[in-house]
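# Structural overview
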Amino acid sequence: MTLSLRELQLVFDGMRDGVVVVEPPRVVEVNPALCGLVQCRHKKIVDAGIHDLFHPADRQLLDELFAGAAEEPPDLVRLLCSDGSTLSCSLTAMRSGPTWFLTLRPLDAGDP
């Protein structure tokens, strides 16, 4: 079975976890859940760099991951919300060529 781009977009948009597609240092795409987590509009996030999404103390960890210097992604990172607060999230990272796919789940997110 092959999924169409429309079907993949429905999955991406419907995910409860935040997803960031990155070609470091550029944010290529985010899903609606990520916009909700950081309380920010899609365009503002995509127009910003990846560092603008994360707490300053976590930026070096991400840079090391993107540079290939880290064997594993950090387990936890802190997102910066538009109101200045932070949100601790678990991080899953996958790579395809120069593109990274980051999935972020708030620590307080329970299963339904």
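For the structure given in this document, a descriptive report is provided here.

## Considering the side chain of T103
If you trace the backbone, T103 turns up in strand β5 (residues 99-106). In this structure T103 comes out as buried when scored by relative accessible area, which is 15%. Discounting chain neighbours no more than four positions away, the residues touching T103 are D17, G18, V19, S90, L91, T92 and M94.

## A look at the pattern of salt bridges
Going through the model one piece at a time under the given rule, you end up with four salt bridges. Of the charged contacts, one joins R105 and D17 as a salt bridge, the two residues approaching to 2.9 Å between their closest N and O atoms. Highlighted residues: R105 in strand β5 and D17 in the loop between α1 (5-14) and β1 (18-23), separated in sequence by 88 residues. The shortest N-O distance in the salt bridge between D47 and K43 comes to 2.8 Å. Taken together, the residues span about one helical turn, with D47 and K43 both in helix α3 (residues 42-47) at a distance of four residues. One exposure class covers both D47 and K43, and it is exposed.

## Topic: unusual backbone geometry
Residue P24 is joined to P25 through a cis peptide bond whose omega torsion reads 5 degrees. One can find P25 in the loop between β1 and β2 (26-30). A positive phi is found at Q39, a non-glycine position, where the angle reads about 55 degrees. Mapped onto the secondary structure, Q39 falls in the loop between α2 (32-38) and α3. Under the relative-accessibility criterion, Q39 is labelled partly exposed at 45%.

The rules behind each value
- Residues numbered from 1 in each chain as written.
- Predicted model: local features only at pLDDT ≥ 70, side-chain atom pairs only at ≥ 80, totals over all residues.
- Heavy atoms only, no water.
- Helix = DSSP H or I, 4+ residues; strand = E, 2+ residues; numbered from the N terminus.
- Buried < 20%, exposed > 50% of the residue type's maximum accessible area, 1.4 Å probe, protein only.
- Contact = heavy atoms within 4.5 Å.
- Salt bridge = Lys/Arg side-chain N within 4 Å of Asp/Glu carboxyl O.

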